[in-house]
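The residues making up each chain are set out below.
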Amino acid sequence: EDQVTQSPEALRLQEGESSSLNCSYTVSGLRGLFWYRQDPGKGPEFLFTLYSAGEEKEKERLKATLTKKESFLHITAPKPEDSATYLCAVQPLTSGGYNKLIFGAGTRLAVHP
Amino acid sequence: GAGVSQSPSNKVTEKGKDVELRCDPISGHTALYWYRQSLGQGLEFLIYFQGNSAPDKSGLPSDRFSAERTGGSVSTLTIQRTQQEDSAVYLCASSLGREGYTFGSGTRLTVV
């Protein structure tokens, strides 16, 4: 069964304290791995797509990396505005060629001044 | 429109009543998805539309749930005889091809 597990469930950081969020996945062939950011009361906002092991993508203070079993979202010198829930999702090869995603439960990040 | 629009943003309904949730995707996006997000849970896939047809409706929890899409645009998710376990945020997303979805802000459904 295709499955996505994110850890930790919640993370509290001081402003400037770098850390990483983990996304472990079990999938019958990976077509793509997606990271989203979700603010309270809003829908998830697309951040990155990774397609193959070894791939990395960056956006401002965020960098996403991918291995054959997991993905990391590295946050460098976070600011309070980075506080949000970060969601990881995988698109299995068996998804029939369309973009059906399987989501993890997310990591709630709180960055304090 | 510029983004995915969902209405209503909040809906409180009595157990046993029917509800309709609406999604207006980004113009030109051929793919449309409905997901459900319960407290502390990941997003749960409900149904996928390509144009007006639904090749995958495997995530609909029961026959009380149905959805349609007209004109390759607006979609409506209908829940009949609502139950308390239907309380959740219902999210709609659209995409063009295989890139990341664009989500709406969701409809928060509370069944009392």
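Note that the structure is a prediction, hence the values are computed from the model and not measured.

Thoughts on the overall build of chain A
Scanning chain A from terminus to terminus reveals zero helices and 11 strands. Mapped from its N terminus to its C terminus, chain A presents α and β elements in the order β-β-β-β-β-β-β-β-β-β-β. A compact globule built from 113 residues would reach a C-alpha radius of gyration of about 13 Å, and chain A, at 14 Å, matches this within 12%. Seen through its C-alpha atoms, chain A measures out along the principal axes to roughly 45 × 30 × 20 Å. For chain A, the proportion of its 113 residues judged to be buried stands at 46%. For chain A, contacts bridging at least 24 residues in sequence account for 56% of all contacts bridging at least 6.

Focus: the packing of aromatic side chains
Counted by the stated rule, this structure contains 12 aromatic pairs over all chains. Where Phe 103 of chain A meets Phe 103 of chain B, the ring centres are 6.2 Å apart and the plane angle is 70°; that geometry is what we call edge-to-face. Of this pair, Phe 103 of chain A sits in strand E10 (residues 102–103) while Phe 103 of chain B is found in strand E10 (residues 102–103), placing the two residues in two different chains. Here the aromatic cluster, defined as three or more aromatic residues joined through ring pairs, consists of Phe 34, Tyr 36, Phe 46 and Phe 103 of chain A together with Tyr 33, Tyr 35, Phe 45, Tyr 48, Tyr 101 and Phe 103 of chain B.

A closer look at the state of the cysteines
In the structure shown here, the tally under the stated rule is two disulfides over all chains. The partner cysteine of Cys 23 of chain A in its disulfide is Cys 88 of chain A, sulfur to sulfur 1.9 Å. On the sign convention where negative means left-handed, the S-S torsion of about -65° between Cys 23 of chain A and Cys 88 of chain A marks this disulfide as left-handed. In this pair, Cys 23 of chain A sits in strand E3 (residues 19–26) while Cys 88 of chain A sits in strand E9 (residues 84–92), placing the two residues 65 residues apart along the sequence. The exposure class of Cys 23 of chain A is buried, given its relative accessible area of 0%. Bridging Cys 23 of chain B to Cys 92 of chain B, the disulfide has an S-S length of 1.9 Å.

Overview of the pairing of strand E9 (residues 88–95) of chain B
All names here are of chain B. By the criterion of burial, E9 is predominantly enclosed, with eight of the eight residues buried. Covered by surrounding structure in E9 are Ala 88, Tyr 90, Cys 92 and Ser 94 together with Val 89, Leu 91, Ala 93 and Ser 95, the residues of both alternating faces. By the bridge criterion, seven bridges tie strand E4 (residues 31–37) to E9 in an arrangement that is antiparallel. Across the sheet, the residue bridging to Gln 37 is Val 89, located in E9. One ladder, built from three bridges, connects E9 with strand E11 (residues 107–111); its direction is antiparallel. In the sheet register, Tyr 90 faces E11, and the bridge partner there is Thr 107.

Considering the nonpolar core
Judged by nonpolar contacts, the single largest core of 23 residues is most densely connected at Leu 33, Trp 35, Leu 73 and Tyr 86 of chain A. When residues in this core are grouped by element, the largest group, four residues, is from E9 of chain A. In this structure Leu 73 of chain A touches Ser 19, Ser 20, Leu 21, Trp 35, Phe 48, Leu 62, Lys 63, Ala 64 and Tyr 86 of chain A, once residues within four positions along its chain are discounted. Grouped together as the second largest cluster of nonpolar side chains are 19 residues, Ile 26, Leu 32, Phe 49 and Leu 77 of chain B included.

Cut-offs applied
Residues numbered from 1 in each chain as written. Chains lettered and ligands numbered in written order. Predicted model: local features only at pLDDT ≥ 70, side-chain atom pairs only at ≥ 80, totals over all residues. Heavy atoms only, no water. Helix = DSSP H or I, 4+ residues; strand = E, 2+ residues; numbered from the N terminus. Rg over C-alpha atoms; globule rule 2.2 N^0.38 Å. Buried < 20%, exposed > 50% of the residue type's maximum accessible area, 1.4 Å probe, protein only. Contact = heavy atoms within 4.5 Å. Phe/Tyr/Trp six-rings, centres within 6.5 Å; stacked < 30°, edge-to-face > 60°. Disulfide = S-S within 2.5 Å. Pairing = 2+ DSSP bridges. Core = buried A, V, L, I, M, F, W, Y, C linked by side-chain atoms within 4.5 Å.

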